[in-house]
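As a plain string of letters, each chain reads:
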Amino acid sequence: MTSLRAFLKTLPEDEVLRITAPVNLDFTPTALVIELEKRKKFPVIYMEQPQGFDLPVVANLFADRHRIARIAVVDSPAKFNEAWLRAEANPIPPTIVDS
């Protein structure tokens, strides 16, 4: 995956909880993650208008092992460790992008 933005665009709608209303980041995201976990739901939470910030905030990205595998571009969670070790041995420099 080339970037977080690129990965988020690949997610099916049912894997993303998109919040369009302003969100206070002090407690709301954590409370939401805890409530979703109780219901055995693990979507990526995309908050479009976090109060006090100009950019969206993403939470719960690593709550699902299959999603983590897709981030690492492997076809199953069992192959994640191998991909991690490969990436760790071959770091790539960051790219600065305009927001």
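The notes below deal with the structure included here. (Residues numbered from 1 in each chain as written. Predicted model: local features only at pLDDT ≥ 70, side-chain atom pairs only at ≥ 80, totals over all residues. Heavy atoms only, no water.)

## Some points on the sheet that holds strand β1 (residues 16-23)
Spatial ordering of the open sheet is given by β1-β2-β3, a layout of 3 strands whose pairing is mixed. Whereas interior strands pair on both sides, the edge strands pair on one side only; in this sheet they are β1 and β3 (57-59). Geometrically, the sheet is characterised by an average inter-axis angle of 20° between neighbouring strands, direction not taken into account. Looking at chain direction, β1 and strand β2 (residues 44-50) are connected through 6 bridges and run parallel. (Pairing = 2+ DSSP bridges. Helix = DSSP H or I, 4+ residues; strand = E, 2+ residues; numbered from the N terminus. Axes fitted to C-alpha atoms, helices over the stretch in contact; angles between N-to-C directions.)

## A word on the packing of aromatic side chains
Under the defined criterion, the tally for this structure stands at 1 aromatic pair. Ring centres 5.9 Å apart and planes at 40° place the aromatic pair F80 and W84 in the tilted group. On the criterion of helical spacing, the pair formed by F80 and W84 is a turn pair, its members being 4 residues apart in helix α4 (residues 80-89). (Phe/Tyr/Trp six-rings, centres within 6.5 Å; stacked < 30°, edge-to-face > 60°.)

## Regarding unusual backbone geometry
Its identity as a non-glycine residue notwithstanding, K40 has a phi of 60°, on the positive side. Its location among the elements puts K40 in the loop between α2 (28-38) and β2. Classification of K40 by relative accessible area gives exposed; the value is 66%. With phi around 60°, V73 is a residue other than glycine that occupies positive phi space. V73 gets classed as exposed once you look at its relative accessible area, which sits at 57%. (Buried < 20%, exposed > 50% of the residue type's maximum accessible area, 1.4 Å probe, protein only.)

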